[in-house]
Every structure is written in C-alpha cells, then in structure tokens.
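Listed below, chain by chain, are the residues.
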Amino acid sequence: TSGVILGGSDAVSDDVRDELASVMRDNGATASTPVERWSGADRYATAVEVVNEGVARRWVDLDTVGIATGLNFPDALGGGGALCHYGSPLLLAKETVPSPVGTWMKANRLGIGRMDVFGGSDVVPDSVVVSLGKLLN
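Residues numbered from 1 in each chain as written. Predicted model: local features only at pLDDT ≥ 70, side-chain atom pairs only at ≥ 80, totals over all residues. Heavy atoms only, no water.

Of note, S9 is situated in the loop between β1 (3–6) and α1 (14–26). The spacing of S9 and R37 is 28 residues in sequence and 8.8 Å in space, taken between C-alpha atoms. Residues within four places of S9 in sequence aside, it is in contact with D14 and R37. (Helix = DSSP H or I, 4+ residues; strand = E, 2+ residues; numbered from the N terminus. Contact = heavy atoms within 4.5 Å.)

Below, the structure written as structure tokens:
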C-alpha cells in the first residue's frame, strides 16, 4: 500500500510512478500519494538521499557504511545485498570522492562504525578509499 522509488524521473519515469500508485490504491493505500520518490542531482546524491531517508526512518544504521563504484552495477548490487543483512547503507564513488558523498561522510563521521569497500582498486581507487578514510577521522 506504499512504496519508494529510488532515483529521479530520468531513472524511473513518472508514468511508472503513477502506475505503481494506482496499484497501491487498488490494494487499499490511504495516502493521497502512496509512492514517494527519493532522488538527488545524480546517482551519488541520490545514494546520499536514500541513506538519509533510511536513517531517519531507522531502517538502517551506521555501524557499517558500504562504498561501491557508481560507474557499474555488479559490486553495488552484491554489496547492497550484503549490507542489507546488517541493516547498513551503501554509498557510491567514482575515480574521486563525489562531493555529496564526501560531505555526508564528514558530517556523519562520528556515527560510522566502519567502512567496507566493494570492488577492487580498479573500480574504487585506493586514493578514494584513503580520502574517505581521512574524512572519518
């Protein structure tokens, strides 16, 4: 009866959102807008928004924060599944630390227990891992 779309209308169209809302109303949704959309300016900002919403709803905690490349999906897909087991979020990186991710890591550093990186140094460069680690200190 309710749902969340992760990503902007370029990633998941408004037509899909409207169709999902219709199905949810048919299933008894009482909210006027049964489908929320969580998105940011790009996939990196969207991941930060998803983490913020998940933390606010207490769906995830920051005992562990995962990092995977945002340039390809397999490591993020596998890492997201692994992190789900712990109720932990996943953020995305590229050849550098995306600004929204760096800002978020620095602002939340005191609550983060550890950082797990999914993928080798060919997809998440060591320089990114070092930079993110410094933000946690």
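With respect to the secondary-structure elements, T64 resides in strand β3 (residues 64–69). With 28 residues separating them along the chain, T64 and E36 place their C-alpha atoms 26 Å apart. The residues contacting T64, other than those within four sequence positions of it, are L83, S88, P89, R114 and D116.

Before going further, it helps to examine the nonpolar core. V65, I67, L91, V101, W104, M105 and L132 are the most contacted members of the largest nonpolar core, which totals 23 residues. Elements represented by at least two residues in this core include exactly α2 (43–56), β3, α3 (74–86), β4 (90–93), α4 (99–108), β5 (114–118) and α5 (126–135). Ignoring anything within four residues of it in the chain, the contact list for L91 reads A47, V48, V51, V65, G66, I67, A68, V101, W104 and M105. If you look at the next biggest cluster of nonpolar residues, it comprises 5 residues, including A21, M24, A29 and V35. (Core = buried A, V, L, I, M, F, W, Y, C linked by side-chain atoms within 4.5 Å. Buried < 20%, exposed > 50% of the residue type's maximum accessible area, 1.4 Å probe, protein only.)

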